[in-house]
Amino acid sequence: MQAGAEKILDKALKRADDVEIYYEESERTPVRFKTDELYSIDVKHTRGIGLRVIKDGKIGFSSTSDPSRVEGLIDAAVESARFGQEAKFQFPGKSEFPEVDIYDKKVIDLATETSVKEGKKLISMIKEKEPEVKVDARIGKAVSRISIINSRGLNFSFDKTYFTYFVEGFLLANGSFVWIFEGKSRCSLSMETERFAKEILWKTSLAKKDVDIPNKAMPVLFMPDALTSLLKAFVLGVNGKNVQKGSSPLIGRVGEKVLGEEVTMWDDGLLECGIGSSPMDAEGMPSTRTPLIEEGVLKGYIFDLQTAGLMGLETTGNAARSYNSMPIPGVSNFCVSPGTSSVEEMIRSIKEGVVVYDVLGGGQSNLLAGDFSVNVSLGFKVENGEMVGRVKDVMVAGNVYDVFKRIIDVGKEVEEVWGFCSPAFCFGDMKVASKTK
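What counts and how
- Residues numbered from 1 in each chain as written.
- Predicted model: local features only at pLDDT ≥ 70, side-chain atom pairs only at ≥ 80, totals over all residues.
- Heavy atoms only, no water.
- Helix = DSSP H or I, 4+ residues; strand = E, 2+ residues; numbered from the N terminus.
- Rg over C-alpha atoms; globule rule 2.2 N^0.38 Å.
- Buried < 20%, exposed > 50% of the residue type's maximum accessible area, 1.4 Å probe, protein only.
- Contact = heavy atoms within 4.5 Å.
- Areas by Shrake-Rupley, 256 points an atom, 1.4 Å probe, with all protein chains shown as cover.
- Lys, Arg positive; Asp, Glu negative; His and termini not counted.
- Charge placed at Lys NZ, Arg CZ, Asp CG, Glu CD.
- Polar contact = N/O pair within 3.5 Å; in protein donor to acceptor, adjacent residues only side chain to side chain.
- Domains from an automatic or database assignment.
- Salt bridge = Lys/Arg side-chain N within 4 Å of Asp/Glu carboxyl O.
- Expected span 1.5 Å × (residues − 1).
- Arc of directions from axis to C-beta.
- Core = buried A, V, L, I, M, F, W, Y, C linked by side-chain atoms within 4.5 Å.
- UniProt positions renumbered as here; feature names shortened; annotations may be inferred.
- Pairing = 2+ DSSP bridges.
- Patch = residues over 30% accessible without salt bridge, like charges linked within 9 Å, V, L, I, M, F, W, Y side chains within 5 Å.

A.B. asks: Looking at this structure, I do not really get the overall build of the protein. What am I missing?
C.D. replies: Assigned secondary structure in the protein consists of 10 helices and 22 strands. In terms of C-alpha radius of gyration, the protein reaches 24 Å, essentially the compact-globule figure of 22 Å for 437 residues. When burial is assessed residue by residue, the protein has 54% of its 437 residues classed as buried. Considering only contacts in the protein between residues 6 or more positions apart, those separated by 24 or more positions represent 71%. Summed over its atoms, the accessible surface of the protein is roughly 19,100 Å², and 49% of this surface lies on carbon and sulfur atoms. Averaging the coordinates of the 56 positive side-chain charges in the protein and doing the same for the 63 negative ones gives two points 3 Å apart.

A.B. asks: Where do I start with the side chain of S190 in this structure?
C.D. replies: Here S190 shows up in the loop between strand 7 (176-186) and helix 5 (193-207). Overall, the relative accessible area of 18% leaves S190 in the buried class. Of the polar contacts made by the side chain of S190, one reaches the side chain of E192; its length is 3.0 Å. Excluding its chain neighbours within four sequence positions, the residues that come into contact with S190 are F163, Y165 and K184.

A.B. asks: So what exactly am I meant to see when it comes to the domain arrangement of the protein here?
C.D. replies: As a measure of interface size, the accessible area lost when the parts come together is often cited. Looking at the protein, the domain boundaries give domain 1 (1-203) and domain 2 (209-436). On a C-alpha basis, the centres of domain 1 and domain 2 stand 23 Å from each other. Taken together, the contact between domain 1 and domain 2 spans 51 residues of the former and 43 residues of the latter. In this structure, the connection of domain 1 to domain 2 is made through three salt bridges.

A.B. asks: How do you make sense of helix 2 (residues 70-81) when you look at a structure like this?
C.D. replies: Given 3.6 residues per turn, any residue in an α-helix points the same way as the ones three and four places further on. Along its 12 residues, helix 2 runs 17 Å from first to last C-alpha, staying within 8% of the 16 Å computed at 1.5 Å per residue. When helix 2 is considered as a whole, its buried residues turn out to be V70, L73, I74, A77, V78 and A81. Taken down its axis, helix 2 places every buried residue within 120° of arc, on the same side.

A.B. asks: Just checking my understanding: could you explain the nonpolar core for this structure?
C.D. replies: Taken as a class, soluble globular proteins show a tendency for nonpolar side chains to be buried jointly. Counting 49 residues, the largest nonpolar core has F222, M265, F404 and F427 as its most contacted members. No other element matches helix 6 (residues 224-237), which puts seven residues into this core. In this view, M265 contacts L231, F234, L259, P291, L292, I293, F334, C335, V336 and F404; residues no more than four positions away in its chain are not counted. In this structure, F163, V167, M223 and M346 belong to the second largest nonpolar core, which totals 38 residues.

A.B. asks: Could you clarify how one ought to interpret the environment of N150 in this entry?
C.D. replies: Along the chain, the position of N150 falls in strand 5 (residues 134-150). A C-alpha to C-alpha distance of 56 Å links N150 and R390, two positions 240 residues apart in sequence. A distance of 2.8 Å separates a polar side-chain atom of N150 from the backbone nitrogen of R152.

A.B. asks: How do you make sense of the UniProt feature "domain: Metalloprotease TldD/E N-terminal" (unreviewed entry) in the protein when you look at a structure like this?
C.D. replies: According to UniProt, the positions carrying the feature "domain: Metalloprotease TldD/E N-terminal" (unreviewed entry) are residues 19-81. When the span residues 19-81 is considered, its composition is 19% helix and 63% strand, and the gap between its end C-alpha atoms is 12 Å.

A.B. asks: Hey, could you run me through helix 5 in this one?
C.D. replies: Taking 1.5 Å per residue, 15 residues should reach 21 Å; helix 5 reaches 21 Å between its end C-alpha atoms and fits that length. For helix 5, the full list of buried residues reads T193, F196, A197, I200, L201, K203, T204, L206 and A207.

A.B. asks: I tried to follow the pairing of strand 8 (residues 216-222) on my own but got confused; where do I start?
C.D. replies: Looking along a regular strand, one sees side chains alternate from face to face of the sheet. Where strand 8 and strand 22 (residues 425-434) come together, six bridges link them in antiparallel fashion. Following the sheet pairing, V220 is matched in strand 22 by F427. Summarising the sheet, strand 8 and strand 15 (residues 352-360) pair through three bridges and their orientation is parallel. Counterpart to V220 in the pairing with strand 15 is V354.

A.B. asks: Any chance you could explain unusual backbone geometry here in plain terms?
C.D. replies: In most cases, non-glycine residues show a negative phi, while peptide bonds are predominantly trans. Although it is not a glycine, N174 sits at a positive phi angle of roughly 55°. Mapped onto the elements, N174 comes out in the loop between strand 6 (155-173) and strand 7. One non-glycine residue, N384, lies in positive phi territory at about 50°. Relative to the assigned elements, N384 resides in the loop between strand 16 (371-383) and strand 17 (386-390).

A.B. asks: What's the story with a nonpolar patch on the surface in this structure? I'm lost.
C.D. replies: Taken together, the side chains of L310, M311 and L313 define a hydrophobic patch exposed on the protein surface, amounting to about 220 Å² of accessible area. Secondary-structure assignment places L313 in the loop between helix 8 (305-310) and strand 12 (319-320). Taking the relative accessible area as the measure of exposure, L313 reaches 43% and is therefore partly exposed.

A.B. asks: Hey, could you run me through the pattern of salt bridges in this one?
C.D. replies: Where charged atoms from two side chains of opposite charge come close, those side chains can pair. The final tally for this structure, using the stated rule, is 27 salt bridges. The partner of E71 in a salt bridge is K11, and the shortest N-O contact between them spans 2.8 Å. In this pair, E71 is assigned in helix 2 and K11 in helix 1 (residues 2-13), connecting sequence segments 60 residues apart. For E71, a relative accessible area of 43% puts it in the partly exposed group. Notably, a salt bridge pairs E132 with K208, separated by 2.8 Å at the nearest N-O pair.

Pasting the structure below:
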């Protein structure tokens, strides 16, 4: 690809003032199980080129998955610049990039037969104890290469591995459908078959008992999986594009206390084996750790080059994209600092409340404004410090900028969930709505 990219760069530079080439190539090998059986083994190859140009001060862009379409690619990018947005940045030049642990040869060496064997072992462990549970699972590996070359002298590539393992258990209990999920995605190999099976089994056992819960405000403990639905509101709030458009509720509040003092949040593009980690962002700026909220005080936002330029600010190295899209601000690994309590200690401290493991959707709420209204797809009632059974037809609602000021406790164990790294949070006086009369 190197020679091909340089050829495109030279040709495009004859028709534009500045040029950037973003190249992406990946191979994915997912092994899937459906309804207790091996369903498919696939090998998927993707590759593509994104061409961004600046001509007469305006931005043009085009992309292709066919590297032989060089002339058409350049024509489209140059033509689109006639109608493009005014460029408020220059492409970055050469730079020193940090070393980041994002490549694990064990992922590359993982044999498909091993993934099949582990998947069958997982299903067998669950079915032996809970034969009525139907199991879906996916064990996948991937490797990608990202390259950026531009007319300012940047020419850098990196390789990255991915390992994904998730399992879903489906159960019909007391006339209603129960969905139980476990999973993890990292850059390193993490085959947690036994742990996932044990988690599915104890949740299945407790989910068979339905319990009523009153309509009222009470403590709600959000486990890391479920907490991501709330954290997405902060991701939107600190996104520089929403700030630039005037739609973020955090505009003009840097230095202001916006959450409880227990809350510290940052974006970490350097997290070891983090699924969003990389040595550079998607337009060639070195990755870094960006403070967002420290002890409840807003510290800043995330930007790409263009959005920062529009606001007269500097990029934070948070450009995100694929080959077929223009860069926009995006988080890499959105991290939340832990507390000091174990989940067991947090549950024991609750007299009456709910532990939420998974939720469905955000309802009709305005998440950008911080509002949420989620259905509890898997949650358990707590009575006098013990989980006593599953709650169903329950909804939890509120505003994240309000509930994160009413924190009862924060867990000490951090879990990585699809680009979020957070502990469990227990909030006080949350609105819980159920069908219980």
